[in-house]
Amino acid sequence: MHTENYLSGPAQAVLEQVRRDYPVSLHGVGLSLGSAKGVDEAHLDRVARLAARIAPGLISEHLAWMAVDHAFLADLLPLPLTEESLAVVCRNVVRVQERLGRRILVENPSTYLQFAESTIPEPEFLAAMVARTGCGLLCDVNNIAVNSANHGWDPTAYLCALPAGAIGEYHLAGHSVREIAPGQILRIDTHDRPVDPAVWILFELALAVIGRRPTLIEWDTTVPPLAVPLAEATCAAGHLARMALEERDVHAA
């Protein structure tokens, strides 16, 4: 559930009804962990009250910034991967975890540019954040595929560089491919189509390297009939089931 959709009003009662029968993962888009001025305390209080009321199994946020002087922007914006940014993010993650009284998961971003100032490779930045704050990671496999294609990274090396023990959830999604100049392709994390075959392959690698985790199919624009995302979820469940069988066979041997 997107946290910000349930901060007030009758939607909270609906979420409580769901929570009686199903575990809930709260996935936020507004804490702005990359903001140099710090986390908006009023917003953090609202998130904390919701978490106390719902008792979610997982709480996650994005490695991004989206707020300036209490004004919230309509996007998850990237930040330069530097020691200064790392200190800002770690300070904000620690504050959020202190207020919530629990560990959060931080999602690796989807990005379409790289800052010239960046000095830390993205997976190393994430690993350092985990080591300094004790937070976990939400591994968005699609974002790894998108960034690797956009920036010329090795997606296998990226995935293998993540601290496996810190990963608490996977996200899978579709992305669009656009030619922004002759011969220049940009992949955009649009969540508006089936999971790309390359992402399924990377998901299989993640299961082999990291292991099984709760897995979400994201589809939140140009939403098709329910049968379509359900088929994607069934495919993900099949990958997880096959890995469970392989793990059982290894233990039996």
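Up top is the structure.
A brief structural summary. (Residues numbered from 1 in each chain as written. Predicted model: local features only at pLDDT ≥ 70, side-chain atom pairs only at ≥ 80, totals over all residues. Heavy atoms only, no water.)

Okay, the packing of helix α5 (residues 141-151) against helix α7 (residues 197-209) next. In the contact formed by α5 and α7, the axes pass within 9 Å of each other and the chain directions differ by 120 degrees. Of the possible angle classes, the one that applies to α5 and α7 is oblique. Once α5 is placed against α7, the crossing between them reads as right-handed. On α7, the residues touching Val 141, Asn 142, Ile 144 and Ala 145 of α5 are Val 199, Leu 202 and Phe 203. In terms of residue class, the contact of α5 with α7 is made up of six nonpolar, one polar and no charged. (Axes fitted to C-alpha atoms, helices over the stretch in contact; angles between N-to-C directions. Helix = DSSP H or I, 4+ residues; strand = E, 2+ residues; numbered from the N terminus. Parallel < 35°, antiparallel > 145°, perpendicular 65-115°, else oblique. Left-handed = near helix turned anticlockwise from the far one by under 90°. Contact = heavy atoms within 4.5 Å. Nonpolar A, V, L, I, M, F, W, Y, C, P; charged D, E, K, R; others polar.)

The next point concerns the packing of aromatic side chains. Taken as a whole and assessed by the stated rule, the structure comprises three aromatic pairs. Here the aromatic cluster, defined as three or more aromatic residues joined through ring pairs, consists of Tyr 170, Trp 200 and Phe 203. (Phe/Tyr/Trp six-rings, centres within 6.5 Å; stacked < 30°, edge-to-face > 60°.)

This paragraph deals with the environment of Val 141. Take Val 141: it is sitting in helix α5. Accessibility expressed as a relative area gives 0% for Val 141, which makes it buried. Expressed as a C-alpha distance, the spacing of Val 141 and Ala 241, which sit 100 residues apart in the sequence, is 18 Å. With sequence-adjacent residues up to four places away left out, Val 141 is seen in contact with Tyr 170, His 171, Leu 172, Val 199, Leu 202 and Phe 203. (Buried < 20%, exposed > 50% of the residue type's maximum accessible area, 1.4 Å probe, protein only.)

Read from one edge of the open sheet, six strands run β1-β2-β5-β6-β7-β10, paired in parallel fashion. In this open sheet, the two edge strands, each paired with only one partner strand, are β1 (25-27) and β10 (215-218). On average, adjacent strands in this sheet sit at an angle of 25 degrees to one another, irrespective of strand direction. As paired elements, strand β6 (residues 136-140) and strand β7 (residues 167-173) share four bridges and run parallel to each other. By the bridge assignment for β7, Leu 138 is matched with Glu 169. Sheet strands in contact with α5 are β5 (105-107), β6 and β7, and its direction is about 65 degrees off that of β6. (Pairing = 2+ DSSP bridges.)

A separate point is helix α3 (residues 83-100). Residues that lie three or four places apart on an α-helix share one face, since the helix turns once every 3.6 residues. The end-to-end C-alpha separation of α3 is 26 Å, in line with the 26 Å expected for 18 residues at 1.5 Å each. Looking at the buried side of α3, the elements it contacts are α2 (41-54), β2 (58-62), β5 and α4 (122-133). One or two steps after α3, the chain reaches Gly 101, where phi turns positive at roughly 70 degrees. (Expected span 1.5 Å × (residues − 1).)

Moving on to the side chain of Thr 82. Secondary-structure assignment places Thr 82 in the loop between β4 (71-77) and α3. Judged by its relative accessible area of 13%, Thr 82 is buried. Here Ser 85 takes part through its backbone nitrogen, which lies 3.1 Å from a polar atom of the side chain of Thr 82. The contact partners of Thr 82, leaving out residues within four places of it in the chain, are Glu 117, Ser 118, Thr 119, Ile 120 and Phe 125. (Polar contact = N/O pair within 3.5 Å; in protein donor to acceptor, adjacent residues only side chain to side chain.)

Of all the five residues making up β2, four are buried; the element is thus mostly covered by neighbouring parts of the structure. Tracing the backbone out of β1, into α2 and back to the parallel element β2 gives a crossover that is right-handed. Summarising the sheet, β2 and β5 pair through three bridges and their orientation is parallel. Counterpart to His 62 in the pairing with β5 is Glu 107. (Right-handed = clockwise from strand over helix to strand, strands pointing away.)

Let's shift gears to the nonpolar core. Counting residues in each nonpolar core, the largest one holds 56 residues, and the members touching the most others are Met 129, Leu 162, Tyr 170, Leu 172 and Phe 203. Met 129 has contacts with Leu 86, Val 89, Cys 90, Val 93, Val 106, Gly 134, Cys 135 and Leu 137, leaving out every residue within four places of it along the chain. (Core = buried A, V, L, I, M, F, W, Y, C linked by side-chain atoms within 4.5 Å.)

Position of Ile 167 relative to the elements: it lies in strand β7. For Ile 167, a relative accessible area of 3% translates into the label buried. Distance in space between the C-alpha atoms of Ile 167 and Ala 206 is 10 Å, their sequence separation being 39 residues. Those residues in contact with Ile 167, other than ones at most four positions away along the chain, are Leu 137, Cys 139, Leu 162, Ile 210 and Arg 213.

Another aspect to go through is α7. Spanning 13 residues, α7 covers 19 Å between terminal C-alpha atoms, matching the ideal 18 Å at 1.5 Å per step. By the burial criterion, the buried members of α7 are Val 199, Trp 200, Leu 202, Phe 203, Ala 206 and Leu 207. Projected down its long axis, α7 shows its buried positions confined to an angular sector of 165 degrees, all on one face. Among the exposed residues of α7, those oriented more than 90 degrees off its buried face are Pro 197, Ile 201 and Ala 208. A distance of 2.9 Å separates the backbone nitrogen of Ala 198 from a side-chain oxygen at the start of α7, and that oxygen is part of Asp 196. Positive backbone phi, at 115 degrees, marks Gly 211, one or two positions downstream of α7. (Arc of directions from axis to C-beta.)

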